[in-house]
Amino acid sequence: MMGKNGELFGDTTDGVGMVRDIIETHQQSLKDKRILIIGAGGAVQGILDNVLAENPSSVTIANRTVGKAQVLAEKFGCLASSFEALEGAFDLIINGTSASRSSSLPPLKDELANENTLVL
């Protein structure tokens, strides 16, 4: 779509839809939650504003290439991590990678989730 001054402008409703699904369908608030987002591509960038607007206690972005996670974390005011450095259980884990399409999942420790963790 064309924006002001003839520049291209893009928008996404992915974050709005995902947050609404978490709140309405899964009946979970994101407020004060510890959130892990796996991946650092466009899909993750498209949801971060909406996730952060819900006032979680922390949002950590973990990616195979830590540098990409750091770029997004700096841009959005989040934390960045390698998979190996992640510790403790998260309240919500969001897979923003395409890895599950090929039946491979990122190398996450079992301790990152418990019986109360919502995994999307």
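Residues numbered from 1 in each chain as written. Predicted model: local features only at pLDDT ≥ 70, side-chain atom pairs only at ≥ 80, totals over all residues. Heavy atoms only, no water.

Time to look at the overall build of the protein. Secondary structure summary: the protein contains 3 helices and 5 strands in total. The helix and strand sequence of the protein, counted from the amino end, reads α-β-α-β-α-β-β-β. Taken over 120 residues, the protein has a buried fraction of 34%. Long-range pairs, those at least 24 residues apart, make up 62% of the contacts in the protein with a sequence separation of at least 6. (Helix = DSSP H or I, 4+ residues; strand = E, 2+ residues; numbered from the N terminus. Buried < 20%, exposed > 50% of the residue type's maximum accessible area, 1.4 Å probe, protein only. Contact = heavy atoms within 4.5 Å.)

As a further point, take the packing of helix H2 (residues 42–52) against helix H3 (residues 66–76). Two elements in contact, H2 and H3, have axes whose closest approach is 11 Å; the angle formed by their N-to-C orientations is 35°. Two packed elements cross with a definite hand, and for H2 against H3 that hand is right-handed. On the side of H2, the interface is formed by Val44, Gln45, Leu48, Asp49 and Leu52, while H3 contributes Leu72, Lys75 and Phe76. Taken together, the residues of the contact of H2 with H3 sort by class into 5 nonpolar, 1 polar and 2 charged. (Axes fitted to C-alpha atoms, helices over the stretch in contact; angles between N-to-C directions. Left-handed = near helix turned anticlockwise from the far one by under 90°. Nonpolar A, V, L, I, M, F, W, Y, C, P; charged D, E, K, R; others polar.)

Right, let's talk about the nonpolar core for a bit. Ranked by size, the top nonpolar core spans 21 residues in total, and within it Ile35, Ile37 and Leu48 carry the most contacts. Among the secondary structure elements, those contributing two or more residues to this core are helix H1 (14–25), strand E1 (34–38), H2, strand E2 (58–62), H3 and strand E4 (92–95). Leave out the neighbours within four places in its chain, and Ile35 touches Leu30, Val51, Pro56, Ser58, Val59, Thr60, Phe90, Leu92 and Ile94. Membership of the second largest hydrophobic core comes to 8 residues, among which are Leu36, Leu86, Phe90 and Ile93. (Core = buried A, V, L, I, M, F, W, Y, C linked by side-chain atoms within 4.5 Å.)

This part takes up the sheet that holds strand E5 (residues 118–119). Reading across from one edge, E3-E2-E1-E4-E5 is the order of the 5 strands in this open sheet, with parallel pairing throughout. Across the chains shown, the open sheet's two edge strands, defined by having one partner strand only, are strand E3 (79–81) and E5. Sitting on the sheet, H3 touches E2 and E3, and the angle it makes with E3 is about 180°. (Pairing = 2+ DSSP bridges.)

Turning our eyes to something else, we now look at unusual backbone geometry. One non-glycine residue with positive phi stands out, namely Asp32, at about 60°. Along the chain, Asp32 falls in the loop between H1 and E1. Of the residues examined, Asp32 reaches a relative accessible area of 52% and is grouped as exposed.

What follows concerns the confidence of the model for the protein. Reading predicted coordinates in detail is not appropriate for stretches of low pLDDT. Summarising the model, the protein shows a mean pLDDT of 90, and 89% of its residues fall at 70 or more. When pLDDT is averaged over each helix and strand of the protein, the minimum, 90, is found for H1 and the maximum, 98, for E2. (pLDDT = per-residue confidence, 0-100.)

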